[in-house]
Amino acid sequence: MTGTIARAAAAVAVAASVTLATAGTAFAAEPGAPPGPGTSPQQATPTEKAAAEVRPAIVYLTETFTAYVGDGTGLYYNNGQPLTLNATCTGFGVNPQGYIATAGHCVDTTSPDGVRADFIAMVAQDLAATTPGVTVQDAMTYGMANWTVEGQAKGSPIDAQYSAVIGSGTGSGTKGEVVPARLVDFRPPSQGDVALLKIESSDLPSVQLGTEADTAIGTPVLSIGYPAAADAVTDTTLEPSNKDGQISTKRTMGSVPYYETSASLSPGMSGGPTVDMDGDVLGINSAHLPNDQAFNFIAPAGGLNELLARNGVQNQLGPNDTLYRGALANYYAGHYTDAIAGFERLLLVDPDHGQAQQFKTEAAKAKERFGDTPVVPAAQQSDDTVLWGLAPWLFWTIVGGAAALVVGGIALLVAMLRRRKGRGDGVVADIPAPRDPRFDGYADWTPGAQAPRMPQAPWGSTPMPPQNRPAPQAPAWQQQPPAGVSDGPTTVVTPADIMASQRPAPAAPFVNPGPAGPVNPPAPPAPTASMAPPVNGSGEEPAAPTAVVSIPKAGSCTNCGSTVTPGAVFCATCGTRQS
């Protein structure tokens, strides 16, 4: 029997170990959600996911500058008429309350290298085209040193008007709302090349800014913007261009830090964001070298953070941004029903959100084709090192081995106990001390404590018939001895004897000393039952004598007739001795 149990326990242990180890291998093979019916989640590169996350916040900016260019002697070019310069740049939302970031050189109307240089370049090109022997470079050099560029009033700054196209990054069409923008603050290229515009809005799509710690050499990046050169040869579109690359190095221009990137930049993309694969802005598209699209610079986001702080603006996402990103994450995870529900909630509050409409349509198509990918509880959504730092197969293998050891140990213990019991040398039970039969059932109970539990008849049961219950027994001194049994001599004890035995013994009388003489020794004590010799030499002790109590009836005094207490020697009324 013992061998059978041991073999069964060993078999159970092996089965448990194999089962748990197999489960560990299965968990390691499928750390994520199990695939849905017929598919896997949407496949997308990190670049595509970053672009989809940031694109709603991209803003198409238009600028119109008006200025008068003079030669310094009171004469103005263009026959004294103002010159108008139209330009485009890219911006992005940084706060839902309508704050848009862009490059400083896109709005700089005061420093020599800002918009002023663009007006001088316009005049220089005209002079080179109409004046023989004058080159554009010669005219530019002379104009930068001698010409004036001013607004409507003499000596005033260049007049500027800014507009933002809301809903710019929502699709491939040209639909968008043009709203005026005002300049809040800016820094020219020599101080960081960042600027801040403001429009009237309370739910402007926004992005988050990264930090210096997020940027390292070799970090993959995505530069986003609207290249003006593309609009010159293709139809105008509000779909931004995405140029991927990486951070090549960190440089400085004077005392201002810049990041060199391999992402291609071109005019019109200035002011757009360069983001990492998490969608956080690492820098602002700033400068490029002509004819070398792989050698470009971005202004670090730290300068923009300083500009925001200087103007009391906080970089943050809005409720719509959070809702959009959550729905987008469900879409890429294959949870199409949840994604559709999220995009629909967003479209209720922002019907013109083109990206939400686009991905809602894509999610509906994917759901019809593939179905939803089941959602796995958070405890099961783990990678290969979330189980106390161990791979799942190793973790479950260890658990299986531990289970095998436990089961085997239990089986071994059972076998040893059974074998010891078979030899007869088992556990010696403690023998309880004998109890006084007079207190059986009450020895553990004291007044005030809970009475001992006595057997109770079940509810609804029939009580024991009276004739089947044991008759109550009289006290021992009232019980009659069984007939025909001789227990030894019978002694009659009266109440007077009982009372006399309870009174203290009288003191011995005083005896005067007499002449010396022999004194009779005290009589030996009367023999008791314990001193009786064995009966018939059998070695058995005789039985103790049985006391029979005679209780007389009450009588009357012979002298005065008063009632006398049974056993009394004298009358309590007159004191006459009773016979």
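Source: prediction; values computed, not measured.

A.B. asks: It is not clear to me how the pairing of strand β6 (residues 177–187) should be interpreted in this structure. Could you clarify?
C.D. replies: Consecutive side chains of a regular strand alternate in pointing toward one face of the sheet and then the other. Alignment of strand β5 (residues 159–166) against β6, held across 5 bridges, turns out to be antiparallel. Among the inter-strand pairings, Tyr-162 is bridged to a residue of β6, identified as Ala-181. Strand direction decides the pairing type here: β6 and strand β7 (residues 194–198), joined by 5 bridges, are antiparallel. Residue Arg-187 lies in a different strand from β7, and its bridge partner there is Val-194. The antiparallel hairpin formed by β6 and β7 contains 6 residues in its connecting segment, where Gly-192 sits at a positive phi of about 135 degrees.

A.B. asks: Looking at this structure, I do not really get the packing of aromatic side chains. What am I missing?
C.D. replies: In this description, an aromatic ring pair is defined by two values, namely the gap between the centres and the angle between the planes. Counted by the stated rule, this structure contains 11 aromatic pairs. With a centroid separation of 5.4 Å and an interplanar angle of 65 degrees, the aromatic rings of Tyr-331 and Phe-359 are classed as edge-to-face. With Tyr-331 in helix α7 (residues 319–333) and Phe-359 in helix α9 (residues 354–370), this pair connects stretches of sequence that are 28 residues apart. We note that Tyr-331, like Phe-359, is buried. By way of ring pairs, the aromatic residues Tyr-324, Tyr-331, Tyr-332, Tyr-336, Phe-343 and Phe-359 are connected into one cluster.

A.B. asks: Where do I start with the pattern of salt bridges in this structure?
C.D. replies: What the rule picks out here adds up to 7 salt bridges. Residue Arg-310 is joined to Asp-185 by a salt bridge in which the shortest nitrogen-to-oxygen separation is 2.6 Å. Here Asp-185 lies in strand β6 and Arg-310 lies in helix α6 (residues 301–310), a separation of 125 residues in the sequence. With its nearest N and O atoms 2.8 Å apart, the salt bridge here joins Lys-250 to Glu-212. Of this pair, Lys-250 sits in strand β9 (residues 241–253) while Glu-212 is found in the loop between β7 and β8 (220–225), placing the two residues 38 residues apart along the sequence. You can call Lys-250 partly exposed: its relative accessible area is 39%. With relative accessibility at 47%, the residue Glu-212 sits in the partly exposed group.

A.B. asks: Would you take a moment to explain the packing of α7 against helix α8 (residues 336–349) for this structure?
C.D. replies: Axis angle and axis distance: for two packed helices, these are the angle between their axes and the distance between the axes, and together they describe the pair. Across the interface, α7 lies against α8 with an axial gap of 7 Å and an inter-helix angle of 155 degrees. By the angle between their axes, α7 is roughly antiparallel relative to α8. The way α7 lies across α8 gives a crossing that is left-handed. In this structure, α7 contributes Asn-320, Leu-323, Tyr-324, Ala-327, Leu-328, Asn-330 and Tyr-331 to the contact, and α8 contributes Tyr-336, Asp-338, Ala-339, Gly-342, Phe-343, Arg-345, Leu-346 and Val-349. By residue class, the composition of the contact of α7 with α8 is 10 nonpolar, 3 polar and 2 charged.

A.B. asks: I'm lost on the side chain of Asp-321 in this one. Help?
C.D. replies: In this fold, Asp-321 is placed in helix α7. Among buried charged residues, Asp-321 stands out as having no salt bridge; its nearest opposite-charge side chain is Arg-325, 6.0 Å away. In this structure, Asp-321 is in contact with Leu-204, Pro-205 and Ser-206, ignoring residues within four places of it in sequence.

A.B. asks: Just to check I follow, could you spell out helix α3 (residues 115–130) for this structure?
C.D. replies: Each α-helix winds once per 3.6 residues, and so residues spaced three or four apart point in a common direction. A rise of 1.5 Å per residue sets the reference length of α3, with its 16 residues, at 22 Å; its end C-alpha atoms lie 24 Å apart and thus fit the reference within 8%. Among the residues making up α3, those that are buried are Val-115, Arg-116, Ala-117, Phe-119, Ile-120, Val-123 and Ala-124. Against the buried residues of α3 lie β1 (58–70), β2 (83–95), α4 (136–146) and β4 (148–150).

A.B. asks: What is the right way to read the nonpolar core from this model?
C.D. replies: Nonpolar side chains in soluble globular proteins tend to end up buried together. In this structure, Phe-92, Val-94, Phe-119 and Leu-304 are the most contacted members of the largest nonpolar core, which totals 56 residues. Counting 16 residues, the second-largest nonpolar core is a separate cluster that includes Ala-52, Phe-343, Ala-356 and Phe-359.

A.B. asks: Honestly, α9 in this entry has me stumped. Any pointers?
C.D. replies: Relative to the 24 Å expected for 17 residues at 1.5 Å per residue, α9 spans 24 Å between its end C-alpha atoms, a close match to the ideal helical length. The complete set of buried residues in α9 reads Gly-354, Gln-355, Ala-356, Phe-359, Ala-363 and Ala-366. Lining the buried residues of α9 we find α2 (46–54), α7 and α8. Directly beyond the C-terminal end of α9, a positive phi value near 85 degrees is found at Gly-371.

A.B. asks: It is not clear to me how the side chain of Asp-193 should be interpreted in this structure. Could you clarify?
C.D. replies: The topology assignment puts Asp-193 in the loop between β6 and β7. The buried charged residue Asp-193 lacks any salt bridge, with Arg-187 as its nearest oppositely charged partner at 11 Å. Within polar-contact distance, the side chain of Asp-193 engages the backbone nitrogen of His-105 at 2.7 Å. Only 2.4 Å separates the side chain of Asp-193 from the side chain of Ser-286, close enough to count as a polar contact. In contact with Asp-193, not counting residues within four places along its chain, are Thr-102, Ala-103, Gly-104, His-105, Arg-187, Pro-188, Tyr-258, Ser-286 and Ala-299.

A.B. asks: Looking at this model, I keep getting lost on the state of the cysteines. Mind explaining?
C.D. replies: What makes a disulfide is a covalent bond joining the sulfur atoms belonging to two cysteines. In this structure the tally under the stated criterion is 1 disulfide. Sulfur-sulfur distance for the disulfide between Cys-89 and Cys-106 comes to 2.1 Å. Here the disulfide of Cys-89 and Cys-106 is left-handed, its torsion about the S-S bond being about -85 degrees. Of the two residues, Cys-89 is situated in strand β2 and Cys-106 in the loop between β3 (99–102) and α3; the sequence distance between them amounts to 17 residues. Residues Cys-89 and Cys-106 agree in their burial class; the two are buried.

A.B. asks: Would you explain the environment of Thr-576 in this entry?
C.D. replies: Turning to its location among the elements, Thr-576 is positioned in the segment after β17 (563–564). Taking C-alpha positions, Thr-576 is 7.7 Å from Cys-557, a pair spaced 19 residues apart along the chain. Thr-576 has contacts with Cys-557, Thr-558, Asn-559, Val-569, Phe-570 and Cys-571, leaving out every residue within four places of it along the chain.

A.B. asks: Would you take a moment to explain unusual backbone geometry for this structure?
C.D. replies: Peptide bonds are mostly trans, and most non-glycine residues show a negative phi. Even without glycine at this site, Asn-79 takes up a positive phi of about 55 degrees. Residue placement: Asn-79 occurs in the loop between β1 and β2. Of note, Asp-193 is a non-glycine position whose phi angle comes to about 55 degrees, a positive value. Of the residues examined, Asp-193 reaches a relative accessible area of 0% and is grouped as buried.

A.B. asks: Hey, could you run me through the packing of α2 against α7 in this one?
C.D. replies: The N-to-C vectors of α2 and α7 enclose an angle of 155 degrees; their axes lie 10 Å apart at closest approach. Considering the angle they form, α2 stands roughly antiparallel to α7. The chirality of how α2 crosses α7 is right-handed. Seen from α2, the contacting residues are Glu-48, Lys-49, Ala-52 and Glu-53; seen from α7, they are Tyr-324, Arg-325, Leu-328 and Tyr-332. Considering only residue class, the contact of α2 with α7 consists of 4 nonpolar, no polar and 4 charged.

Basis of the calculations
- Residues numbered from 1 in each chain as written.
- Predicted model: local features only at pLDDT ≥ 70, side-chain atom pairs only at ≥ 80, totals over all residues.
- Heavy atoms only, no water.
- Pairing = 2+ DSSP bridges.
- Helix = DSSP H or I, 4+ residues; strand = E, 2+ residues; numbered from the N terminus.
- Phe/Tyr/Trp six-rings, centres within 6.5 Å; stacked < 30°, edge-to-face > 60°.
- Buried < 20%, exposed > 50% of the residue type's maximum accessible area, 1.4 Å probe, protein only.
- Salt bridge = Lys/Arg side-chain N within 4 Å of Asp/Glu carboxyl O.
- Axes fitted to C-alpha atoms, helices over the stretch in contact; angles between N-to-C directions.
- Parallel < 35°, antiparallel > 145°, perpendicular 65-115°, else oblique.
- Left-handed = near helix turned anticlockwise from the far one by under 90°.
- Contact = heavy atoms within 4.5 Å.
- Nonpolar A, V, L, I, M, F, W, Y, C, P; charged D, E, K, R; others polar.
- Lys, Arg positive; Asp, Glu negative; His and termini not counted.
- Expected span 1.5 Å × (residues − 1).
- Core = buried A, V, L, I, M, F, W, Y, C linked by side-chain atoms within 4.5 Å.
- Polar contact = N/O pair within 3.5 Å; in protein donor to acceptor, adjacent residues only side chain to side chain.
- Disulfide = S-S within 2.5 Å.

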